[in-house]
Amino acid sequence: MNIISYLFPFSLAFIVSGCLSSIPTPQERKDSLLLLKNQEFAEVDIQTSTFNFLSLQKNQKNCKDKDLRVYIEGDGLAWITRNTISSDPTPVNPTALKLMNQDKYECKIYLARPCQYITSSQCNKKYWTSNRFDNNVIKSYDESLNKLKSSYKNRSFTLIGYSGGGAVASLVSAQRTDVSKLITVAGNVDTEKWTTMHNISRLDESLNPADFSRNLENIEQYHLIGNQDDIIPKEVFLSYYSKFKKKGKINYLYFDATHNCCWEEPYKKFLDKFK
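Draft legend 1. The nonpolar core, seen in detail. Among the nonpolar cores identified, the biggest contains 45 residues, and Leu68, Val70, Tyr141, Leu148, Leu159 and Tyr240 are the most heavily contacted of them. For this core, the elements supplying multiple residues, two or more each, are strand 3 (67–72), strand 6 (108–111), helix 4 (135–152), strand 7 (156–162), helix 5 (164–175), strand 8 (179–185) and helix 8 (234–242). In contact with Tyr141, other than residues within four places in its own chain, are Phe53, Ile72, Leu111, Ala112, Arg113, Pro114, Val168 and Val172. Within the second largest apolar cluster, 27 residues are counted, among which are Leu56, Leu99, Ile118 and Tyr267.

Draft legend 2. Broad picture of the pattern of salt bridges. Enumeration according to the criterion identifies 11 salt bridges in this entry. Across the pair Asp178 and Arg176 runs a salt bridge, and its minimum N-O distance is 2.8 Å. Accessibility expressed as a relative area gives 11% for Asp178, which makes it buried. One network of salt bridges, in which partners are shared, links Asp142, Lys149, Arg176 and Asp178.

Draft legend 3. Quick peek at the packing of aromatic side chains. One pass over the structure, following the stated rule, counts 13 aromatic pairs. The interplanar angle of 85 degrees and the centroid separation of 6.1 Å between the aromatic rings of Tyr71 and Tyr267 together place this pair among those described as edge-to-face. One end of the pair, Tyr71, is in strand 3; the other, Tyr267, is in helix 9 (residues 264–273), with 196 residues separating them in the sequence. Judged by relative accessible area, Tyr71 falls into the buried class, the value being 1%. When its relative accessible area of 0% is taken as the criterion, Tyr267 is described as buried.

Draft legend 4. Examining the sheet that holds strand 8 more closely. Spatially, the eight strands line up as an open sheet ordered 1-2-6-3-7-8-9-10, and their pairing is mixed. Taken across any chain shown, the strands that pair with only one partner, and hence form the sheet edges, are strand 1 (42–47) and strand 10 (250–255). Across the sheet, the mean angle from the axis of one strand to that of its neighbour is 20 degrees, orientation sign disregarded. Sheet topology places strand 1 next to strand 2 (residues 52–57); six bridges connect them, and they run antiparallel.

Draft legend 5. Main features of unusual backbone geometry. A positive phi is found at Cys115, a non-glycine position, where the angle reads about 70 degrees. Within the element layout of this structure, Cys115 appears in the loop between strand 6 and helix 4. Non-glycine residue Ser163 carries a positive phi angle of around 55 degrees. Structurally, Ser163 is set in the loop between strand 7 and helix 5. We classify Ser163 as buried; its relative accessible area is 3%.

Cut-offs and rules
- Residues numbered from 1 in each chain as written.
- Predicted model: local features only at pLDDT ≥ 70, side-chain atom pairs only at ≥ 80, totals over all residues.
- Heavy atoms only, no water.
- Core = buried A, V, L, I, M, F, W, Y, C linked by side-chain atoms within 4.5 Å.
- Buried < 20%, exposed > 50% of the residue type's maximum accessible area, 1.4 Å probe, protein only.
- Helix = DSSP H or I, 4+ residues; strand = E, 2+ residues; numbered from the N terminus.
- Contact = heavy atoms within 4.5 Å.
- Salt bridge = Lys/Arg side-chain N within 4 Å of Asp/Glu carboxyl O.
- Phe/Tyr/Trp six-rings, centres within 6.5 Å; stacked < 30°, edge-to-face > 60°.
- Pairing = 2+ DSSP bridges.
- Axes fitted to C-alpha atoms, helices over the stretch in contact; angles between N-to-C directions.

Structure (structure tokens):
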């Protein structure tokens, strides 16, 4: 398996042009995250049987019997250059947190991806390359939601995922009965179509959301797609959409955005109409 061929689309998210020293350190990236968060939110590490996750949480008592919105981050800084896998996938630009900041709904949390903002012995580079959506990763998110439900006493979840976080949100939704809504923003919801389009190696060690259409067809879905997104273009969603026999609960909207730029305002407009 040629791991280098995984690179191109994700490296477009953050390529350092000949100056590795310009990349913020993992601590600087975490400091930036904490500066972006609302003061009411506290950093909480969630421990699972496989990974620990950084989350930002507040107001557990106010969400009893309500819907809890969980914002799942994208793939982060997975690559440094075209030939170099990052040693730490912590995002330079935490887009999912920026989306959550647009959301006035009270019961919401931010959830990072494996090894973002946290270091552990489990942080093998495969978990932000070939195995980014494998069974261990999805199981750990399922365990995280169970822990959140135990703390918040919430009735249900709305899962919101950005980019690769959209794949995670979809795969977790497919395995649970308490997900009321699934929202993806520039989401990688058909990884086989995505790798084929970019002529890169298949993510054979990962699960593909498009293979779980029967599990997802009864969940209310909203997919936000960027008209100028060259990394995860509309064809990825349309391939996912084509796998569903029942399409009545699947909604999709196009916005003037690229993959990495300027999703806050479109998402705010979406939330204004989303109830």
